[in-house]
Structure formats: C-alpha cells, structure tokens
Amino acid sequence: MSYPIEKATPTTDSPQETSDVERCKSNEKNSEQSQQPTAERQKWYQWFAPTDTPAERRLILKLDGLIIVFLFLAHWAKVLDSSATSTAYVSGFACTIPIAFLGLCLLPSTPDRCNSRYLTQDEIRLAQERMAAEHREPRQPFTIPRIITILKGWRIWILVGFAFFFSQADGVSSNSGLSLWLKAENYSVESINTITTVSPAVTIVASIVCGVISDIYDAKVSLIAITALLNIFACLVLAIWNVPVGLKFFAFFLSGTADGIAAIIYAWANEICARSAEERALVISAMNTIGNTFGAWIPLL
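Rules used throughout
Residues numbered from 1 in each chain as written. Predicted model: local features only at pLDDT ≥ 70, side-chain atom pairs only at ≥ 80, totals over all residues. Heavy atoms only, no water. UniProt positions renumbered as here; feature names shortened; annotations may be inferred. Helix = DSSP H or I, 4+ residues; strand = E, 2+ residues; numbered from the N terminus. pLDDT = per-residue confidence, 0-100. Contact = heavy atoms within 4.5 Å. Buried < 20%, exposed > 50% of the residue type's maximum accessible area, 1.4 Å probe, protein only. Salt bridge = Lys/Arg side-chain N within 4 Å of Asp/Glu carboxyl O. Phe/Tyr/Trp six-rings, centres within 6.5 Å; stacked < 30°, edge-to-face > 60°. Lys NZ or Arg CZ within 6 Å of the ring centre and 35° of its normal. Arc of directions from axis to C-beta. Core = buried A, V, L, I, M, F, W, Y, C linked by side-chain atoms within 4.5 Å. Patch = residues over 30% accessible without salt bridge, like charges linked within 9 Å, V, L, I, M, F, W, Y side chains within 5 Å. Areas by Shrake-Rupley, 256 points an atom, 1.4 Å probe, with all protein chains shown as cover. Polar contact = N/O pair within 3.5 Å; in protein donor to acceptor, adjacent residues only side chain to side chain.

### Here we look at the UniProt feature "transmembrane region" (unreviewed entry) in the protein
Here the UniProt feature "transmembrane region" (unreviewed entry) sits at residues 59-77, 89-107, 154-172, 192-214, 221-243, 249-269 and 281-300. Between the first and last C-alpha atoms of residues 249-269 the distance is 32 Å; the span itself is 86% helix and 0% strand.

The following block contains the structure:
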C-alpha cells in the first residue's frame with residue numbers, strides 16, 4: 001500500500017517580516033556609507049586641495065612660479081615700450097625675442113601635448129591624470145563642422161559679449177577720460193596723478209573681493225551680473241554728464257570694477273567649455289581678440 005508523498009511547501013515570510021529585513025539591510029547600508037570618509041572641499045584660503053599629494057603640490061608650485069615669472073617679464077617689456085616712444089621699437093624688439101625664446105623652451109603647452117623641458121615625464125603624466133579626473137578631453141583637430149558647431153552654441157556669443165562689454169566699461173577709467181576731465185577743470189598735475197590712482201585701486205580690491213566670493217560661494221554668474229549692472233550705471237551717469245561732481249567721480253571710480261571681474265569671466269569660460277578643448281581655445285582667443293581690439297580702437301573714433 002502506497003501513501004501519497006507530501007511535498008514540503010516552501011515557507012514564505014509574512015510581508016511584515018520581509019519589510020523588517022529590508023529595513024535592516026537599508027539601515028546597515030546607510031550606516032556603512034555614513035562611515036565612509038567624504039572628500040574635504042578646498043577652502044578659499046588654501047593654496048592646495050586637502051587631497052593633493054606632495055607630488056601634485058610640487059607640480060602646482062612649479063607651474064605657478066613659471067606663470068609669475070612670465071607675468072613679471074611681460075609687464076617689464078610693457079613698461080620699457082611705454083617709457084620712451086623713440087626707443088619703443090628697439091626696446092620692444094630686444095625684450096620680445098628673448099622672452100619668446102624662453103617661453104618656447106619652458107612653457108609646458110597643454111598636458112596632452114607637453115614638450116617642455118621644465119617638467120619631468122612623471123610631472124607631465126601627473127598633469128594628464130589630473131586633467132582626466134576633471135573630464136578634460138585632449139585636443140582634436142579643428143575642422144569646419146566642429147567650428148560651425150561651436151558657432152551655433154551659446155557660449156561663444158555670451159562670453160565674447162561679456163568680454164566686449166567689460167573692455168568698453170574698463171575704457172572709461174583706463175583711456176584717460178578722467179585725467180582729461182580733471183585737466184579741463186584746472187586740477188594740478190599732482191592732484192591729477194593722485195586722483196587717477198583710485199581706479200586701479202578699485203580694480204585691485206574688486207579682483208580680490210570677487211575672487212574670494214567666487215571661491216567661497218561659486219557665484220561667478222552672479223558676480224558678473226552685479227558688476228555689469230554697476231558699470232551700466234556708471235556709463236549712464238557719465239553719458240548724462242550733467243550730474244553733481246561727486247557722482248561723476250563715483251562713476252569714474254566705479255568703472256574700475258570692470259577690469260576686476262576679468263579673472264572671473266575667463267575662469268567661468270574655462271569651466272563651461274571644459275569638455276571641449278577646441279571650443280575653449282576658440283572662445284578664449286575670440287574673447288581676448290575682440291575685447292582688446294575694440295578697447296583699443298573705439299576710443300579713437
């Protein structure tokens with residue numbers, strides 16, 4: 001006599017028990033994630049990021065030192081060119097050739113095509129790794145379709161427009177408008193030389209303040225917009241002209257903020273064009289060319 005074999009039915013947990021198990025697993029996972037160390041963000045007053053290795057810090061110091069040296073040499077050549085008009089060509093030629101040769105030998109170009117003897121192969125490799133971590137793609141050949149794509153985008157037009165606007169706003173204080181007005185008002189030479197130093201001082205203060213605020217709050221767009229509004233106000237006051245003398249001085253001095261925001265604009269351009277080396281090169285070169293060209297020629301019209 002055979003008996004039917006009873007199959008064991010799998011036991012299933014109740015919905016409440018299942019939810020309790022899932023809740024426990026979720027709590028354990030969240031606990032593990034909370035125990036993992038989070039990357040500390042670089043403070044605005046820190047020269048290096050907390051995660052930078054000693055090798056990375058040496059690389060940054062070498063690059064910063066090289067930039068400072070070339071800034072000094074460029075300013076020195078500019079002073080020589082402007083100090084004596086009769087010898088400007090000779091002094092400029094004598095300074096430019098050695099500086100250009102020095103730059104050819106030392107300036108590292110870009111990490112993906114670095115041929116500088118100033119950096120070691122390990123430092124070049126480290127720079128390439130840092131660029132890859134920032135999702136910076138290596139340069140590609142410039143092609144007509146690529147240029148058309150860049151021109152169809154909004155970045156080049158917005159950024160070049162900012163460069164053009166602020167180059168003209170900066171020209172209010174840097175193109176001798178203030179000194180000519182003071183001379184017409186019969187101010188002494190000593191007074192003119194003293195008063196015209198206020199605008200560069202405003203530029204220095206604006207550069208520092210904007211840089212610090214940008215690093216703390218990452219507010220580049222807001223700073224650019226606020227500075228643009230301030231300079232529009234200054235230009236309107238000077239365009240009306242029939243205003244109190246104190247307001248004229250305020251407008252001239254306020255225009256010094258236009259040059260102070262330049263570093264923020266170019267930093268923003270590098271950030272929003274970071275994914276394309278070709279777009280970044282075209283946009284920044286167009287900003288420099290158009291801004292400086294109009295800044296030099298429009299005052300002569």
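Following the structure, the description resumes.
### Some details on the confidence of the model for the protein
Per-chain confidence: the protein averages 79 in pLDDT, with 76% of residues scoring 70 or above. A low-confidence stretch, residues 31-37 (pLDDT under 50), is modelled with zero contacts involving residues beyond four sequence positions or located in other chains.

### Description of unusual backbone geometry
Unlike most non-glycine residues, Asn186 shows phi in positive territory, near 65°. Residue position: Asn186 is located in the loop between helix H7 (177-184) and helix H8 (189-195). For Asn186, a relative accessible area of 71% gives the class exposed. In the Ramachandran plot, Trp241 falls in the positive-phi region, its phi being about 70° despite a non-glycine side chain. Along the chain, Trp241 turns up in the loop between helix H10 (220-240) and helix H11 (245-254).

### Quick word on the pattern of salt bridges
In total, this model carries eight salt bridges according to the counting rule given. For the salt bridge of Arg130 with Glu56, the shortest nitrogen-to-oxygen distance reads 3.2 Å. Placement of the pair is Arg130 in helix H4 (residues 121-133) and Glu56 in helix H2 (residues 54-83), with a sequence separation of 74 residues. Since its relative accessible area comes to 29%, Arg130 is described here as partly exposed. Close ionic contact of Lys220 with Asp218 constitutes a salt bridge, the shortest N to O distance being 3.4 Å. What makes Asp218 partly exposed here is its relative accessible area of 48%.

### Side note on the packing of aromatic side chains
Within the structure shown, the criterion is met by 10 aromatic pairs. Between the aromatic rings of Trp181 and Phe252, the centroid separation amounts to 5.9 Å while the plane-to-plane angle is 20°, which identifies the pairing as stacked. Highlighted residues: Trp181 in helix H7 and Phe252 in helix H11, separated in sequence by 71 residues. The exposure class of Trp181 is buried, given its relative accessible area of 7%. The aromatic ring of Tyr118 is capped on one face by Lys62, whose charged end is 5.0 Å from the ring centroid. When the ring centre of Trp241 is taken as origin, the NZ or CZ atom of Lys248, which lies over that ring, is 3.9 Å away.

### Digging into helix H13 (residues 262-272)
Of the positions making up H13, those classed as buried are Ile264, Ile265, Trp268 and Ala269. Taken down its axis, H13 places every buried residue within 140° of arc, on the same side.

### Examining the nonpolar core
With 22 residues, the main nonpolar core has Leu159, Phe166, Ile224, Ile261, Ile265, Val283 and Met287 as its most contacted residues. Secondary-structure elements contributing two or more residues to this core are helix H6 (155-174), H10, H13 and helix H14 (277-297). For this core, the element with the most residues is H6, which contributes six residues. Judged by nonpolar contacts, the second largest core, of 14 residues, contains Ala234, Val237, Leu238 and Phe252.

### Some details on a nonpolar patch on the surface
A cluster of nonpolar side chains, Val205, Val209, Ile213, Ile216 and Tyr217, forms an exposed patch at the surface whose accessible area comes to about 450 Å². Relative to the helices and strands, Val209 resides in helix H9 (residues 198-217).

### Concerning the side chain of Ser199
Here Ser199 lies in helix H9. Ser199 gets classed as buried once you look at its relative accessible area, which sits at 4%. Polar side-chain contacts of Ser199 include one of 3.5 Å to the backbone oxygen of Phe252.

### Quick notes on the environment of Phe165
Among the secondary structure elements, Phe165 is positioned in helix H6. Separated by 126 residues in the primary sequence, Phe165 and Gly291 place their C-alpha atoms 7.8 Å from one another.

### Notes on the environment of Thr257
Note on placement: Thr257 falls in helix H12 (residues 257-260). A C-alpha to C-alpha distance of 7.6 Å links Thr257 and Asn231, two positions 26 residues apart in sequence. Residues in contact with Thr257, not counting those within four places in the same chain, are Val202, Ala206, Thr227 and Asn231. At 3.1 Å, the side chain of Thr257 forms a polar contact with the side chain of Asn231.

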